[in-house]
Structures are given as C-alpha cells and as structure tokens.
There are 2 protein chains.
Amino acid sequence: MKLTKKPVTGMKDILPREMEIRNYVIGLINDTYSKFGFTPIETPCVEHIENLNSKQGGENEKLIFKVLKRGEKLKLSEAKTEADLVDSGLRYDLTLPLSRFYANNASELPSPFKALQTGNVFRADRPQRGRFRQFRQCDIDILGESSYLAEIELILATTTLLGKLDFHNFTIRINDRRILKAMAAYSGFPEESYDEVFIILDKMDKIGMEGVEKELIESGYAKDSVDKYLELFRIITPDAAGVQTAKEKLDGFLNPVYADDLITIINSVEAVRTADFRMAFDPTLVRGMSYYTGPIFEISMDEYGGSVGGGGRYDEMVGKFIGQSVPAVGFSIGFERIIMLLLERGFQVPGSAVKKAYLVEKKCSSEKIQEIVRKAMQERAEGKTVNLLVMKKNKKFQKDQLTEEGYTEIEEVFAN
Amino acid sequence: MKLTKKPVTGMKDILPREMEIRNYVIGLINDTYSKFGFTPIETPCVEHIENLNSKQGGENEKLIFKVLKRGEKLKLSEAKTEADLVDSGLRYDLTLPLSRFYANNASELPSPFKALQTGNVFRADRPQRGRFRQFRQCDIDILGESSYLAEIELILATTTLLGKLDFHNFTIRINDRRILKAMAAYSGFPEESYDEVFIILDKMDKIGMEGVEKELIESGYAKDSVDKYLELFRIITPDAAGVQTAKEKLDGFLNPVYADDLITIINSVEAVRTADFRMAFDPTLVRGMSYYTGPIFEISMDEYGGSVGGGGRYDEMVGKFIGQSVPAVGFSIGFERIIMLLLERGFQVPGSAVKKAYLVEKKCSSEKIQEIVRKAMQERAEGKTVNLLVMKKNKKFQKDQLTEEGYTEIEEVFAN
C-alpha cells in the first residue's frame, strides 16, 4: 500500500530553511515581548464548538474544522444535522481562546494580565497562493487595563519587534471605533446602517473618495449625509492634529476624552519609538471584527501591499465568559506574512554557528569511530555545529551538498 | 450568553510559569540538536485519515480525533459509517507525518536527513492524571543512514540535552528487535507467537522473572522453550559483555554483525558521553510499535518511575510512502514528562532579566507618561524587563503581587 505523500489540502510542510527563520523570529518574539512584561501562555488547538460558534469570530465561524464526537457520544443513525456529530473544533484565532483562558484562570493571573501567545490556528478557507489553512498567529494582549497605557505598550512592543527584524519605513494606522461611529452619527446616518457604511468606507484605499461616495449614494443614503461624511475625511489630516480636528467637528457626538487619549497614544509612541516607522491617524480604518470597542490599529508596510498586523480594544468579549466586563486590548502581528517577507528578502539568521562535517569511511574500525565522535563532541561543546556522516561513493556530490547546506569545514576520515 | 470556561476534556491551559520553562526547554532543544546537525521541520497538525489509519500507529489509531468533511463533500444523509464523514484527523505522533514529509520533499532534502520536530500531537485517550489529549512531542530522526553512526548520534544528542537540563544518573536501556527475535527463535517459540511472547516479556520489570515464567506457561508455551528463554535472561549481563554473551549463545539465530554494532554503539556512547548517565543492554526491552526493525532504546530515570523517552530504528516505514526502502532511526524525548519533572524540582529558567515595574498614578499628565515611557524603553534596550502599570487603590496588594511575579524594582510615579 502506498500512502498519500502531499499534506492535506491547503496545509504545508515547512522545510529547514524556513523553519530556522521561524524559530529565530519566535525566539525574538519571546525575548522582545518579555522585556515589556508580557508572559507566555498556551491554549489547546481544540476548542468547544459552542465557544467557536458564539458569534465572536465573525466570518471565521464559517471556516471551522469540526471534530467528530467519539465513542458512544457519536450517534450516527440519530444525527439529523452536522451539529449532532461534533463537540469541538480547531480554533480559528487566538483571541477567543484567550478570553476563555482568562475566564478559566483569572484567580491565578496578575491584574492587568499581559499575555503573549504564538500558536497555530486553522481556517478551512478556499486554498489560494500564500494563504494556508493552518498558520501561526502571534498575539499580545493586555487584560484588565482600561487606560491608554495598554495601547502605548502594545504598539511600542510590536514596533520594537519589527525594528529588530530590520523592517523600516512602516506605518501604524490608528483609529477609534467610537470616532468611527461619531463620524457616522454626525453625518446623520441611521445607527442600524453603520455596519454597511463602514464596509463601504473600508474600501477607501481601493476605490478612493469618489468610489465611496458613489457606493454610498447607490446604497440609498441621503446626499446630505454623504456630503457631510466625506467632507470630514477631506479636512482630517493623518496625524494628532487630525484627531484634534475630528474632536472639534464631532462636538456633541464624541466624548472628547476618546480623542484626547488617541492624541496621547500617537504622541507618546512617536516621541519614544525606537524603530523607523510613523504613526498615522486614519479615520477610514474600520477593522472587520464587531467585537472592537475602542482604539483600533493596523500595520502597513510599503514593501507589502496589505496589512502585516493589527489589533484593537475589545472590552466586552471576556465578559461573555466571566459574566463581568474586563477591559482588553490586543495586537497581532501577521506572523506568516512577516516570514514571507523575510524569505523574499533572503534573510539570514544572525549568529549561526560554524558548521563542520566529518565524512567517515565506512570500513573505519569502531576505535576510529570513537576517536572521531570524541572530537566532534569536543567541538560541539565549543559551540560548533558538527555533523558525522558516512562517506559516500560520490564524494564530490556529497561535499557539494554539504557546502550548499552551509558547511564550511569538511574533514575526511579514512580507515587507514 | 455565558460561554464554557474550561478547556475541552483532557486538554489544558498552560500558565506563564510553566510556559516560561517550556519555552526555555524548546530553545535548548533547538540549540543543542542543531549542534549535532539536526535541522528543524514542521508538518501540519491535520493529516490524511488514510495515512493515520495505515497501521503504522498501533494502538494510537484507536485514539484519533477525526475531522469532519466540509461543504459539499459532507453528505450526512448518505453516510453509513464514521468513515463516510471524515477526510482527515489530528496526528497522534510525529513519526508518521515525518515519513510523509520525507516522501513529499525528498528531492529538496540532504541525504542523510537529520530532522528535528517539536509539535503538538493529539490522542483521545481516557483522561487521567498527568496525561493529556494534546501534548507536545519532540523527536529527532535520521533518514537515509543505515550505519550505527546514526544511533550513536541520536543517543549523544539526547543525553547531551538531558545533561544540560541538569538530569543525572539516568540510564539509556538499549536492545535490538533482531536480538529479541533471535532469542525467541533460539528458545523454540513459534514465529507467529513472538508478539504475544514479547508482550509478556515486556512486563519483566513489573512481575519479575517468576511472573513472566508463569504467564508464558499459562499461555500454553512448552516448558522447554520457557526454560531456555529465561535462562538467557539470567546469564546476559546489562552491558556490552552481555551483548557478546547473547551473540555467542544465539549463534545460528542472529547475524553477529547486529550484536557487534550494538556493542560499538554502547562502547562509543559510554566513551564520549558528556552527561551523567550509563548505557545498559536490556534484552527485555520490547518497545510496543511494530514498525521497529533494529536497535531500540529507552530512557529510564530514577526520579521518575517510567520511561522519559525512547526510540529506535524503523527502516520500513518511509518505504510505505515512497515505494522504496529508506533506513530511518529516531529518538523521542518525553517532553511533557521532562517539563513535569522540572516543575516538581522547582526549576528556575537561568539568566532571567531583572524585572522592574513603574506604578503610574492615574491622573499623570500625558507629558509625565511620555517621560516614564521613555525611561522604560531605555531600560528595556539595556536588557531589563520593564512593566508599566496604572497605580491601583490597593497599592500594597499590587506591590505584593508584583514581588511574587519576580519584580525586584518597583518605582512609583506621581502626578505632582
């Protein structure tokens, strides 16, 4: 019987060259974020199906890999729908499991709790280039802190990490869901239509001001509202002064504290940033997930078209588990995109060890073998990477292959 | 709606204290094994159901978490058995996915290929203390190398790692499936009964020589065979000399090269070992998996009753995928058991950073906040862990909590 060689549809095998970069980045993530007081946690890949289906996951809930019930609990003949067959599924993000984790372990956790998670998530998306059904996410979250200090810490931690990976000239776009709503209210859109308005607004970077105007009008919104709305985007500049403008224009529609906090976040981060990036107030930034309640942010990078990370405040989600409101804010970097960019850039893991290989002739005595193993162990203890290999007939090919793998020292060991 | 707080049955949330140790051990694993020329790979957690069910997994095949088909492929009304509902499942080990990986990527991999994998595996075992349904495995394997050099390298790499984790006085028990079979053949057991004989033999450490004798007789084996068999275990000493004895006694039943190779493995490892352990020839060592074809080994530790790792040669498995035989040998450490032992021992991650916390009074101006954030960023760049927190009303409790988390410097920042 021959077995199936390819991975399951949409998932991938990761080869050593990529894995070495991934491990390096994971190490840097742990190291960098721990300096900001984040502590690592892990949740299972498998989650209760009722939690996954609880409307916290938006569109992702349509993409769940569901896990079949086992043993007596599986009653196939009685099953009427899919729901009768499954009791759990693979997590589609790390935010929902974090909320469950916090609810489950709050008594043992400090307050505020600064969590760091990296782990695989699973989405049964339509397979497409560069998008996989299993991929790694990397989130930092602060739970139990309502002050903007949390947002400042998250943005500084994330940008410090990107700086250490030698990313330059990127932008942290920031907005606040409450400003977003106040702008819609100020313009006279009915509250029940906000979500639709934001979906159109979200296309601004693709279809431009005229496109947004056209779609809003076509969707039947009052010309007056549309004009008032778009005028705001024309006058608001992409900086702290722009937030000030918004605050003044939205008087009566927006608690001015939210604008002041946003200004403080922008100014504080700009003032102390260690990496090469800028903060930009972007009143068109929407962020899809309905659970966001306050500031939202996204990383834009010139060398990559889309977003390479994002996050925001979600003060209501943890309450769904714990029964009482817990302020929360998180920032997720697009781990897979960052790895892709590093690979494209020909990134080399810094500080790799010198690599030495011994090619040992097959008929060497066991005494000779022992002598070489002893030398190898000595060199490993000194920090070298040392590989012991049986010498092949095609020695030239073997040496070429080792050179390609980065072995700079090759020593041949003969029986006599 | 309140959601479910507990993880799914049999899986666990991992809190920061344990995660910090896990991350440290994973870092040490990557670092140590890379010095031996092992390179990291990753395979998906989800695997084809036909691969998982291919009889390579022994008892584990009964414990598979199966993943429901999706979309049009799921035809609930037509489904007659469980098999009609699923197309994949969660991997129960890393060996089967490695074989698939090698078959899928052989053209891009060096030969021999020294693979390092750490990752979660899933088994729907009956939940019990200390045994979880999701747990991390850590395997090193050498594919494409038939020489005993591979066994030597695997044992040295594994024991070096354990030594770095400050484990002492442990034993690597080693045997060879072919010696195991030769001993049964020499004693006159019929070939089709070997598996049953080995299952009884495997209980030697629990029920002793008398117990094994009793069970063999009760199972209907000839008294002559049983006597001859047990006599072997009486005369064979647990060292290289014991292998020599076995070789001589089993003349005609065992290719003497297998014994000589085992002696070389034992002597070479003993001669160059860097950690505090001993090699022991154990002719009662069976290792459950039917795929083993040559040397097999297991780690015994006095401070822990059972095995904390094991492995062996499995020269036939990769051939099931690739259609041609590829020699392979692997060594897996019991990652979860090692973490448990470290936790019980009160293990402290070495070289942790100094931890400092700023408690910032809530009414501080944004200028004051900026000043503190700037100081914190400076100290982080210098290598400290720095946490910025809003000062709480119950400041004493907050400080006590921080001290417990290892913060040795706490600075209070007031508005005036």
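Definitions and limits used
Residues numbered from 1 in each chain as written. Chains lettered and ligands numbered in written order. Predicted model: local features only at pLDDT ≥ 70, side-chain atom pairs only at ≥ 80, totals over all residues. Helix = DSSP H or I, 4+ residues; strand = E, 2+ residues; numbered from the N terminus. Contact = placed C-beta atoms within 7 Å. Least-squares fit on C-alpha atoms with pLDDT ≥ 70 in both. Domains from an automatic or database assignment. Pairing = 2+ DSSP bridges. Axes fitted to C-alpha atoms, helices over the stretch in contact; angles between N-to-C directions. Nonpolar A, V, L, I, M, F, W, Y, C, P; charged D, E, K, R; others polar. Buried ≥ 20, exposed ≤ 12 C-beta atoms within 10 Å, placed from the backbone. Parallel < 35°, antiparallel > 145°, perpendicular 65-115°, else oblique. Left-handed = near helix turned anticlockwise from the far one by under 90°. Expected span 1.5 Å × (residues − 1). Arc of directions from axis to C-beta. pLDDT = per-residue confidence, 0-100.

A.B. asks: I'd like a rundown of the overall build of chain A, residues and numbers included.
C.D. replies: When you go through chain A residue by residue, the secondary structure sums to 14 helices and 14 strands. Dimensions of chain A, computed from C-alpha atoms along their principal axes, come out at roughly 95 × 65 × 45 Å. A fraction of 69% describes how many contacts in chain A between residues 6 or more apart in sequence connect residues 24 or more apart.

A.B. asks: Describe the relation of the copies chain B and chain A, and please don't skip the residues or the numbers.
C.D. replies: In the superposition of chain B on chain A (RMSD 0.1 Å, axial shift 0.0 Å), the rotation amounts to 180°. Each copy turns onto its partner about a two-fold axis. Scanning chain B for the C-alpha nearest the rotation axis identifies Val67 of chain B, at a separation of 2.3 Å. A high fraction, 100%, of the interface residues of chain B reappear at the interface in chain A, so the copies pair face to face through one surface.

A.B. asks: Quick rundown of the domain arrangement of chain A? Include the residues and the values.
C.D. replies: If you check the domain split of chain A, you get domain 1 (16–184 + 265–344) and domain 2 (355–413). Relative to domain 2 of chain A, the C-alpha centre of domain 1 of chain A lies at a distance of 44 Å.

A.B. asks: Describe the sheet that holds strand E12 (residues 355–360) of chain A, with residues and values.
C.D. replies: Residue and element names in this part refer to chain A. Strand order in this open sheet of three strands is E13-E12-E14, and the pairing throughout is parallel. Strands with a single pairing partner mark the edges of an open sheet, and in this sheet they are strand E13 (385–390) and strand E14 (409–413). Pairwise comparison of adjacent strand axes, ignoring direction, gives a mean angle of 20° for this sheet. One ladder, built from five bridges, connects E12 with E14; its direction is parallel.

A.B. asks: Explain the interface of chain B and chain A residue by residue, including any values.
C.D. replies: The interface is formed by 91 residues belonging to chain B together with 91 residues belonging to chain A. Within the side of chain B that touches chain A, the residues separate by chemical class into 44 nonpolar, 27 polar and 20 charged.

A.B. asks: Pulling in residues and values, what's your account of the pairing of strand E7 (residues 170–176) of chain A?
C.D. replies: Residues and elements named next belong to chain A. The element E7 is extensively covered by neighbouring structure, given that six of its seven residues are classed as buried. Alignment of E7 against strand E8 (residues 277–281), held across five bridges, turns out to be parallel. Each bridged residue has a counterpart across the sheet, and for Arg173 the counterpart in E8 is Ala280. Where E7 meets strand E9 (residues 295–301), seven bridges bridge the pair, whose relative direction is antiparallel.

A.B. asks: A description of the packing of helix H1 (residues 16–35) of chain B against helix H4 (residues 149–164) of chain B should follow, citing residues and the corresponding values.
C.D. replies: Residues and elements named next belong to chain B. Viewed as axis vectors pointing N to C, H1 and H4 meet at an angle of 140°, and their least axial separation amounts to 10 Å. For the element pair H1 / H4, the angle class is oblique. Helix-helix and strand crossings are classified by hand; for H1 and H4 the assignment is right-handed. Residues Leu28, Ile29, Thr32 and Tyr33 of H1 lie in contact with H4, whose contacting residues are Ala157, Thr160, Leu161 and Lys164. By residue class, the composition of the contact of H1 with H4 is five nonpolar, two polar and one charged.

A.B. asks: Could you give an account of the pairing of strand E5 (residues 113–122) of chain B, naming the residues involved and the relevant values?
C.D. replies: All names here are of chain B. Here E5 lies mainly inside the structure; nine of its 10 residues are buried. Bridging between strand E1 (residues 39–40) and E5 involves two bridges; their strand directions are parallel. Residue pairing for E5: Thr39 is matched across the bridge by Ala115. Alignment of E5 against strand E6 (residues 134–143), held across 10 bridges, turns out to be antiparallel. The partner of Gln117 across the bridge, within E6, is Asp139.

A.B. asks: Residue-level account of the environment of Ala222 of chain B, with values.
C.D. replies: Note on placement: Ala222 of chain B falls in the loop between helix H7 (204–218) and helix H8 (223–235). Residues Ala222 of chain B and Ser187 of chain B, spaced 35 residues apart in sequence, show a C-alpha to C-alpha distance of 9.7 Å.

A.B. asks: Tell me about helix H13 (residues 366–381) of chain B, and name the residues and values.
C.D. replies: An ideal rise of 1.5 Å per residue puts 22 Å on 16 residues; H13 of chain B measures up with 22 Å between its terminal C-alpha atoms. Listed in full, the buried residues belonging to H13 of chain B are Ile369, Val373, Ala376 and Arg380 of chain B. Buried residues of H13 of chain B, seen end-on, are gathered within an arc of 60° and therefore sit on one face of the element. Exposed and facing more than 90 degrees away from the buried side of H13 of chain B are Glu367 and Ala381 of chain B. For H13 of chain B, the elements touching its buried residues are helix H1 (16–35), helix H4 (149–164) and helix H10 (256–272) of chain A together with strand E12 (355–360) and strand E13 (385–390) of chain B. Just beyond H13 of chain B, the residue with positive phi is Gly383 of chain B, at close to 110°.

A.B. asks: I'd love a proper account of unusual backbone geometry, names of residues and values included.
C.D. replies: All names here are of chain A. Residue Pro112 is bonded to the preceding Ser111 through a cis peptide linkage, with omega at -5°. Within the fold, Pro112 resides in the loop between helix H3 (95–105) and strand E5 (113–122). Phi is positive for Asp166, which is not a glycine, with a value near 70°. Looking at where Asp166 falls in the secondary structure, it is placed in the loop between H4 and E7. Classification of Asp166 by C-beta neighbours within 10 Å gives exposed; the count is 12.

A.B. asks: Pulling in residues and values, what's your account of the confidence of the model for chain A?
C.D. replies: Residues and elements named next belong to chain A. On average, residues of chain A carry a pLDDT of 94, and 100% of them reach 70 or more. Mean pLDDT values over the elements of chain A span from 83, in helix H11 (residues 317–322), up to 98, in strand E1 (residues 39–40). Here the complex is predicted with pTM 0.95, and the ipTM for its interfaces comes to 0.94.

A.B. asks: Let's hear about the sheet that holds strand E10 (residues 304–313) of chain A: which residues, and what values?
C.D. replies: Residue and element names in this part refer to chain A. Taken together, the eight strands give an open sheet; going across it, the order is E1-E5-E6-E11-E10-E9-E7-E8, and neighbouring strands pair in mixed fashion. If you trace the sheet from one side to the other, it starts and ends with E1 and E8, each paired once. Two elements, E9 and E10, share five bridges in a ladder whose sense is antiparallel. Residue Ser300 lies in a different strand from E10, and its bridge partner there is Ser307. Contacting E7, E8 and E9, H10 crosses the sheet at an angle of about 165° to E7.

A.B. asks: Mind laying out the environment of Thr408 of chain B, listing which residues take part and the relevant values?
C.D. replies: Residue and element names in this part refer to chain B. Structurally, Thr408 is set in the loop between helix H14 (395–404) and strand E14 (409–413). Residue class for Thr408 comes out exposed when judged on the 10 C-beta atoms lying within 10 Å of it. For Thr408, the residues in contact, after removing those within four places along its chain, are Val354 and Lys355.

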